[in-house]
Amino acid sequence: MAFHSFNGRFVAGLALTGFMLAAAGCQSSDNGILGFGKKDTTPPPDPKVLSSQLQAYCPKVTLRDGTAFFNTYAKSGPKPKKKTDVAAEEAAQPAADGAGVDQPDDSAKIIYQASITDVTRDCSRANGSMSMKIAVAGKVVPGPMFTPGTITMPIRIAVMHGTEVLYSQLHSYQVQVTDPSSATQFVFTDSSVVVPEPTARDYQAYAGYDEGAPKVATDKPKKKKAAATN
């Protein structure tokens with residue numbers, strides 16, 4: 001009798017164990033035991049830029065090194081260094097001329113120093129194009145050789161797509177400076193910037209002084225004297 005009772009409990013235990021293993025096997029074939037090994041069926045995020053993000057995109061305006069200010073000197077002072085077009089120059093900086101050599105102090109010969117202190121922009125879209133308003137704020141500080149009057153600053157605005165120049169315009173912006181004892185603030189705005197509507201967030205706008213622009217001749221060429229005839 002005792003053996004029969006033990007045998008019955010043993011058979012019942014085997015049956016229960018087999019049921020648990022079968023249940024675990026079913027779980028393993030579908031989702032893994034306790035959920036481990038379950039495959040993630042969530043689709044990967046779309047790397048493309050959304051149209052709403054492009055509509056809100058307005059290229060950042062950058063001041064390249066060496067184009068944020070310039071000094072003008074009296075005739076006996078040093079000439080301003082020539083700069084290349086900010087729309088075509090590379091970001092690499094050349095070594096400074098005369099490095100390690102003491103330069104003379106010509107601060108007493110400065111007529112004025114012009115500097116750009118801030119830049120901003122605004123964008124709108126229409127008919128497959130993007131229009132930009134790029135504003136430049138700055139100041140003019142008179143130097144020891146300054147006399148009240150109108151000064152002209154060469155300000156270039158450019159927009160690039162990689163190495164491609166989409167827009168580049170040099171402006172001769174005039175500022176009236178009457179007080180030689182304080183700085184004169186100015187704000188310049190280029191509202192004529194029109195470029196193709198971007199398909200990615202990869203445009204770059206630039207602003208800065210461009211002293212290396214070619215000067216326009218105002219004097220008529222002198223006539224050559226006729227050769228004297230005997």
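Computed from a prediction, not measured in an experiment: that's the story for all the values here.

Visitor: Would you take a moment to explain the side chain of Asn-71 for this structure?
Guide: Within the fold, Asn-71 resides in strand S2 (residues 69-73). Here the side chain of Asn-71 touches Gln-113 through a polar contact of 2.8 Å, side chain to side chain.

Visitor: Could you clarify how one ought to interpret the environment of Gly-138 in this entry?
Guide: Along the chain, Gly-138 falls in strand S4 (residues 129-142). Measuring from C-alpha to C-alpha, the distance between Gly-138 and Ala-183 comes to 9.8 Å, with 45 residues separating the pair along the chain. Setting aside anything within four residues of it in sequence, one finds Gly-138 in contact with Ser-115, Ile-116, Thr-117, Thr-184, Gln-185 and Phe-186.

Visitor: Whenever I open this one, the nonpolar core confuses me. Can you help?
Guide: Grouped together as the largest cluster of nonpolar side chains are 32 residues, with contacts concentrated most on Met-132, Met-153, Ile-157 and Val-159. Breaking this core down by element, the ones donating at least two residues are strand S3 (110-126), S4, strand S5 (149-161), strand S6 (164-177), strand S7 (184-196) and strand S8 (204-209). With near-sequence residues (within four places) excluded, Met-153 lies in contact with Phe-70, Ala-114, Val-140, His-171, Ser-172, Tyr-173, Val-175, Phe-186 and Tyr-209.

Visitor: What's the story with the confidence of the model for the protein chain in this structure? I'm lost.
Guide: Low-confidence regions, as indicated by low pLDDT, have predicted coordinates that should not be scrutinised in detail. Looking at the protein chain as a whole, the pLDDT averages 74, with 58% of positions reaching at least 70. Confidence drops under a pLDDT of 50 for residues 90-101, and excluding neighbours within four residues, the segment shows three contacts in the predicted structure. In the predicted structure, residues 214-230 sits below a pLDDT of 50 and forms zero contacts with residues beyond four places in sequence or in another chain.

Visitor: Just to check I follow, could you spell out the sheet that holds S3 for this structure?
Guide: Backbone-to-backbone hydrogen bonds pair the strands of a sheet. The strands run either parallel or antiparallel. Spatially, S2-S3-S4-S7 is the arrangement adopted by the four strands of the open sheet, whose pairing is antiparallel. This sheet does not close on itself; its edge strands, each paired only once, are S2 and S7. With direction set aside, neighbouring strand axes in the sheet form an average angle of 25 degrees. Summarising the sheet, S3 and S4 pair through 14 bridges and their orientation is antiparallel. Bridged to Val-119 within S4 is Val-136.

Visitor: When you look at the pattern of salt bridges in this model, what are you seeing that I'm missing?
Guide: Oppositely charged side chains can pair when the atoms bearing their charge come close. One pass over the full model with this rule turns up two salt bridges. A salt bridge links Arg-156 to Asp-210, with the nearest nitrogen and oxygen atoms 2.6 Å apart. On the criterion of sequence distance, the pair formed by Arg-156 in strand S5 and Asp-210 in the segment after S8 is long-range, its members being 54 residues apart.

Visitor: I tried to follow unusual backbone geometry on my own but got confused; where do I start?
Guide: Leaving glycine aside, a negative phi is the common case for residues, and trans is the common case for peptide bonds. Residues other than glycine seldom take positive phi values, yet Asn-127 does so here, at roughly 55 degrees. Its location among the elements puts Asn-127 in the loop between S3 and S4. Classification of Asn-127 as exposed rests on a relative accessible area of 82%.

Calculation notes
- Residues numbered from 1 in each chain as written.
- Predicted model: local features only at pLDDT ≥ 70, side-chain atom pairs only at ≥ 80, totals over all residues.
- Heavy atoms only, no water.
- Helix = DSSP H or I, 4+ residues; strand = E, 2+ residues; numbered from the N terminus.
- Polar contact = N/O pair within 3.5 Å; in protein donor to acceptor, adjacent residues only side chain to side chain.
- Contact = heavy atoms within 4.5 Å.
- Core = buried A, V, L, I, M, F, W, Y, C linked by side-chain atoms within 4.5 Å.
- Buried < 20%, exposed > 50% of the residue type's maximum accessible area, 1.4 Å probe, protein only.
- pLDDT = per-residue confidence, 0-100.
- Pairing = 2+ DSSP bridges.
- Axes fitted to C-alpha atoms, helices over the stretch in contact; angles between N-to-C directions.
- Salt bridge = Lys/Arg side-chain N within 4 Å of Asp/Glu carboxyl O.

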